[in-house]
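# Understanding the architecture of this molecule
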Amino acid sequence: MNPPAESSLFEVRSLAVEAGGRCLLSDLDFRISRGEGLALSGPSGIGKSSLLRVLAALDPIVSGRIELHGSSPADHGIVRYRRRVNLLFQKPLLFEMSLRENLALAFGYSCCERSFPEERAAELLGRLGLADKSQDADPRTFSVGEQQRVCLARSLLIEPEMLLLDEPTSALDPESAGFVESLIREERERRNLAFILVAHDREQARRLGARTLSLKDHRHRKPAP
Amino acid sequence: MNATLDVGFLDLLLALVLILASGLISFLLRLELEKRLALGAARTVVQLLLVGWLLKFIFNLQSPLAVLALLGLMVIVASRVALGRPSRRVRGAGWLAFLSLAASATLTTFSVTSLVIGVEPWYEPRYLIPLMGMVLGNSMNGISLSLDALLERLSERADQVELELSLGASAWEAARRPLREALRRGMIPILNTMMVVGIVSLPGMMTGQILAGADPMLAVKYQILIMFMIAAATSLGAMLMSLLTARRLFSRDHRLLREKILRGA
C-alpha cells in the first residue's frame, strides 16, 4: 500500500545510476515515508551500492530527481542533506582516535550546531552491547562486528531521518548482526527512522520488516538502434 | 674576498686524472661503471661550463628582463622536475606546480634580496640567480613530496574522506587530514636539515664561500638566512600546491572526485 503523498519523506523519480561512465540503472521511481524500510534486491553488480552512493549524495545525479521532504539535496545543502540521509558503509570505518572521539567526529564540523550528546551516546552503546567498552579505548582494536556497531551508533547520533545501509551485517558475526538489526528495528519504531537496505539475504529484509524493490526491471538497456 | 685562489684549467685536468683513476679501477674490476663515470664527468663539465657562460652573459647584460626570463625558465624546469615520476598524477598539476613554485620562490627570494640584504639594483643577478636556484631546488622537493602524499591519501583512503563527507564534513573539513599529512611529508627534509645543519655536514653554499675566502662568520650568517628562506619557501610552496590540488579534487557540492586521480605514467 502506498502512503499518501503528503507523508512522503523521500522520493526518487526517473533516476538513472551510472558507475565508471556506464549506465547501470534507469527509470527508478520509489517513495519512502517516515519509519518505512525498503530493501533493494537484485543480482550482484546490478548497481545497488552505486544507487546508495547517489542517494547519499556522494556520487552525482546523472538524470532524474531525488527529494527529501519535497526538496532536492542541493536545496537542503549537500552537507546537511548527508546528515539527514546518512550512509552506513559496508566496511566499518574508524579513525585512529578514542571511541569517544570517533563518536564525536560528526559534532566537530562547522555545519553542526549541537554539542556531542553524551547521554544518547552511552545509551546507544548500551543497546548495542558495548556498554563495557571504555570511551578512551581505540575502537580499531575491537572485533569487526563491534567496530560496525560503533559505526552504527555514530550514524544514529546525528539523528538522520533515513539510513542507507549497504550490506551492514555482511561481514559480521551473528551476535553483532543481531545487535545491529534490533537497534534498527527499535529506532524505526521509536523515532520513525526510515531506511533503505541492501541486504545480503532475503531473510534480513523480512526480519527488519522492509518491503522489497527489485532492481532487475530497472536494469539499463541500451535503446534499440 | 681577494684571498680566493684561482683554479686554472691545469688544476681541473689534475682532478680529471683522479676520475680516470676511478675509471681504471672500475675497468680492472669489471664493475662496468666506466661508461657512466665518463658520461657523468662529461655532463658535469659541459653543463657547468654552459651555466657559467650563461651566468657571465647575464651578469654582463645588466638587464632586468634577461634576469626575469632566466628566473622564469628556472621555475618552469623546477616545476617539471617536481612532477617527475609520480605514482599518481592529476591533470593540470604542471600549472599548479608552476604557480606554487613561482609564488613561493619569488616571494621569499625577493623579500630577502630587497628587504634583508638590500640588493642594489633589485635585479642584481649575482644575488638573485643563485638564491632563487637554491630556494627552487628545495621548494621543488617539498612540492613533489607533499603532492605524492596528498594523492596517496586521497586515493588509498578515499573511504575515510567519504566517511567524513557523509557525516557532514565540508570538502575542506574532509580534506584536512590528508592535507596535514601531505604538508608534514613535504616539510620533513628541510626540518631534518635544520636540525643537524653544521653538525653532520656543512651546507654546500657555506663550504663554497669559505673555500672562496669569505669570513666564516659571514658565511654562517648567510647560511642562516638561506636556511630560513628555504624553509619558508618549502612550506609556502607545499601549502599552495596541496591546497590548489585539493581544490581540484573536490567538487563544489563537496564530493571527492576520485576519477581525477590518475595512475602514474
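This structure is a prediction, so every number in the text was calculated from the model and none was measured. (Residues numbered from 1 in each chain as written. Chains lettered and ligands numbered in written order. Predicted model: local features only at pLDDT ≥ 70, side-chain atom pairs only at ≥ 80, totals over all residues. Heavy atoms only, no water.)

What follows deals with the overall build of chain B. Looking only at helices and strands, one finds 9 helices and 2 strands in chain B. Counting from the amino terminus, helix and strand elements in chain B follow one another as α-α-α-β-α-α-α-α-α-α-β. Counting only C-alpha atoms and orienting by the principal axes, one finds that chain B spans roughly 70 × 55 × 35 Å. Burial status across chain B gives 37% buried among its 265 residues. Residue pairs at least 24 apart in sequence account for 74% of intrachain contacts in chain B once pairs closer than 6 positions are excluded. (Helix = DSSP H or I, 4+ residues; strand = E, 2+ residues; numbered from the N terminus. Buried < 20%, exposed > 50% of the residue type's maximum accessible area, 1.4 Å probe, protein only. Contact = heavy atoms within 4.5 Å.)

Helix and strand counts for chain A stand at 8 helices and 8 strands. Against the globule reference of 17 Å for 225 residues, chain A gives a C-alpha radius of gyration of 18 Å, in line with a compact fold. A principal-axis box enclosing the C-alpha atoms of chain A has dimensions of 60 × 35 × 35 Å. Of all 225 residues assigned to chain A, the portion counted as buried reaches 55%. Considering only contacts in chain A between residues 6 or more positions apart, those separated by 24 or more positions represent 73%. (Rg over C-alpha atoms; globule rule 2.2 N^0.38 Å.)

Attention shifts here to the sheet that holds strand 1 (residues 8-19) of chain A. Within a sheet, adjacent strands bond to each other through the backbone by hydrogen bonds, running parallel or antiparallel. All names here are of chain A. The 3 strands are arranged 2-1-4 in an open sheet whose pairing can be described as antiparallel. Two strands bound the open sheet, and with one partner strand each, they are strand 2 (22-33) and strand 4 (63-68). Across the sheet, the axes of successive neighbouring strands diverge by a mean angle of 15 degrees, strand direction being ignored. The pairing of strand 1 with strand 4 spans 5 bridges and is classified as antiparallel. Bridge pairing in strand 4 places Ala16 opposite Ser63. The sheet strands contacting helix 1 (residues 48-55) are strand 1, strand 2 and strand 4, and the helix crosses strand 1 at an angle near 125 degrees. (Pairing = 2+ DSSP bridges. Axes fitted to C-alpha atoms, helices over the stretch in contact; angles between N-to-C directions.)

Together, B:Val7, B:Phe9, B:Leu12, B:Val45, B:Val46, B:Leu49, B:Leu50, B:Trp53, B:Leu54, B:Phe57 and B:Leu61 make up an exposed nonpolar region whose accessible area comes to about 1100 Å². Relative to the helices and strands, B:Leu49 is located in helix 2 (residues 34-61). (Patch = residues over 30% accessible without salt bridge, like charges linked within 9 Å, V, L, I, M, F, W, Y side chains within 5 Å. Areas by Shrake-Rupley, 256 points an atom, 1.4 Å probe, with all protein chains shown as cover. Salt bridge = Lys/Arg side-chain N within 4 Å of Asp/Glu carboxyl O.)

Next up on the list: the interface of chain A and chain B. With 25 residues of chain A in contact, the opposing surface of chain B contributes 17 residues. When the two sides are added together, the surface that chain A and chain B hide from each other amounts to roughly 1900 Å², 59% of it contributed by carbon and sulfur. It is A:Arg82, A:Phe95 and A:Tyr109 in chain A that bury the most area against chain B; as a group they hold 33% of the surface buried on that side. Where chain A touches chain B, the interface holds 2 salt bridges. (Buried area = accessible area lost by both parts, 1.4 Å probe.)

Peptide bonds are mostly trans, and most non-glycine residues show a negative phi. Look at the link from B:Glu120 to B:Pro121: it is a cis peptide, with omega at -15 degrees. With respect to the helices, strands and loops of the structure, B:Pro121 is situated in the loop between helix 4 (93-117) and helix 5 (125-156). Of note in this structure, A:Asn192 is not a glycine but carries a positive phi near 60 degrees. Secondary-structure assignment places A:Asn192 in the loop between helix 7 (174-191) and strand 7 (194-198).

This next bit is on the pairing of strand 6 (residues 162-166) of chain A. Residues and elements named next belong to chain A. Counted residue by residue, strand 6 has 5 buried out of 5 residues, so it is predominantly covered. By the alternation rule, side chains of strand 6 split into Met162, Leu164 and Asp166 and Leu163 and Leu165, which are all buried. Across 4 bridges, strand 5 (residues 85-88) lies against strand 6 in parallel orientation. Bridged to Leu87 within strand 6 is Leu164. The pairing of strand 6 with strand 7 spans 5 bridges and is classified as parallel. Its bridge partner lying in strand 7, Asp166 is registered against Val198.

Residue and element names in this part refer to chain A. As summarised here, the arrangement of the 5 strands in space is 5-6-7-3-8, forming an open sheet in which the pairing is parallel. The two strands at the open ends of the sheet, each matched to only one other strand, are strand 5 and strand 8 (211-214). The average undirected angle you get between the axes of adjacent strands in this sheet is 20 degrees. The sheet contacts of helix 1 involve strand 3 (37-41), strand 5, strand 6 and strand 7, and relative to strand 6 the element is tilted by about 150 degrees.

On to the packing of helix 4 of chain B against helix 9 (residues 216-249) of chain B. Residues and elements named next belong to chain B. Relative to each other, helix 4 and helix 9 sit at 150 degrees, their axes nearing to 8 Å. Looking at the two axes, helix 4 sits roughly antiparallel to helix 9. Our pair here, helix 4 against helix 9, has a crossing hand that is right-handed. On the side of helix 4, the interface is formed by Ala93, Leu96, Ala97, Ser100, Ala103, Ser104, Leu107, Thr108, Thr109, Val112, Val116 and Ile117, while helix 9 contributes Tyr222, Leu225, Met229, Ala232, Ala233, Leu236, Gly237, Leu240, Met241, Leu244, Thr245 and Arg248. In terms of residue class, the contact of helix 4 with helix 9 is built from 17 nonpolar, 6 polar and 1 charged. (Parallel < 35°, antiparallel > 145°, perpendicular 65-115°, else oblique. Left-handed = near helix turned anticlockwise from the far one by under 90°. Nonpolar A, V, L, I, M, F, W, Y, C, P; charged D, E, K, R; others polar.)

Below, the discussion takes up the packing of aromatic side chains. The tally for this structure, following the rule as stated, stands at 5 aromatic pairs over all chains. Measuring from centroid to centroid gives 5.7 Å for A:Phe107 and A:Phe116, while their planes differ by 65 degrees, and the two rings are edge-to-face. Given a relative accessible area of 13%, A:Phe116 falls into the buried group. Taking 5.9 Å as the distance between ring centres and 10 degrees as the angle between the ring planes, the aromatic pair formed by B:Trp53 and B:Phe57 counts as stacked. Of this pair, B:Trp53 and B:Phe57 are both found in helix 2, 4 residues apart, which corresponds to roughly one turn of the helix. By relative accessible area, which is 45% here, B:Phe57 ends up partly exposed. These aromatic residues form a ring-pair network of at least three members: B:Phe110, B:Trp122 and B:Tyr123. Its guanidinium or amino end placed over the ring of A:Phe142, A:Lys133 lies 4.5 Å from that ring's centre, counting from NZ or CZ. The ring of A:Phe95 has B:Arg177 lying over it, and the distance from NZ or CZ to the ring centre is 4.3 Å. (Phe/Tyr/Trp six-rings, centres within 6.5 Å; stacked < 30°, edge-to-face > 60°. Lys NZ or Arg CZ within 6 Å of the ring centre and 35° of its normal.)

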